[in-house]
Amino acid sequence: MTSLLGTRMPSAPAGPVTHAHYRREPYVRCRTGNGTVDGKAVAWTRTEVLLHWIDDDGQAHNRWTPASTVRRIARDDSAWRDPYDDFRFYYQSSPAAA
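This structure is a prediction, so every number in the text was calculated from the model and none was measured.

Peer 1: I'd like a description of the packing of aromatic side chains, backed by residues and values.
Peer 2: If you walk through the whole model with that rule in mind, you get one aromatic pair. Their ring planes at 55° and their centres at 6.3 Å tell us that Tyr27 and Trp80 sit as a pair that is tilted. With Tyr27 in strand 2 (residues 27–32) and Trp80 in the loop between strand 6 (70–72) and helix 1 (87–90), the pair connects residues that are 53 residues apart, well separated along the chain. By relative accessible area, which is 1% here, Tyr27 ends up buried.

Here you go:
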């Protein structure tokens, strides 16, 4: 997974950047030329998403990628899960179940 998104390192993109709440970043799947990468969207603009994931070797990655290649997915659908999740955020109980 390391080279799937190329080598573009995080840098300030053009336009205003929105950041997700700490430990509540949405899970996303990014399409690449070689497959897909599951990770978290830690920041975004109208045209780009800062994708965070950890590869099979335990190396953390942060890459800006075009927003058109990214879609939100459920935590349970992700091939990678952040070990530091506030997992209760992703499994909020519905008021009807209480």
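Peer 1: Explain the environment of Glu25 to me, using residue names and the numbers behind them.
Peer 2: Along the polypeptide, Glu25 turns up in the loop between strand 1 (18–19) and strand 2. The exposure class assigned to Glu25 is buried, which follows from its relative accessible area of 9%. Residues Glu25 and Ala43, 18 residues apart in the sequence, show an inter-C-alpha distance of 8.5 Å. Residues contacting Glu25, with those up to four places away along its chain left out, are Ala20, Lys40, Ala41, Val42 and Tyr90. Of the polar contacts made by the side chain of Glu25, one reaches the backbone nitrogen of Arg23; its length is 3.4 Å. Side-chain polar atoms of Glu25 contact the side chain of Lys40, separated by 3.4 Å.

Thresholds, definitions, all that
- Residues numbered from 1 in each chain as written.
- Predicted model: local features only at pLDDT ≥ 70, side-chain atom pairs only at ≥ 80, totals over all residues.
- Heavy atoms only, no water.
- Phe/Tyr/Trp six-rings, centres within 6.5 Å; stacked < 30°, edge-to-face > 60°.
- Helix = DSSP H or I, 4+ residues; strand = E, 2+ residues; numbered from the N terminus.
- Buried < 20%, exposed > 50% of the residue type's maximum accessible area, 1.4 Å probe, protein only.
- Contact = heavy atoms within 4.5 Å.
- Polar contact = N/O pair within 3.5 Å; in protein donor to acceptor, adjacent residues only side chain to side chain.

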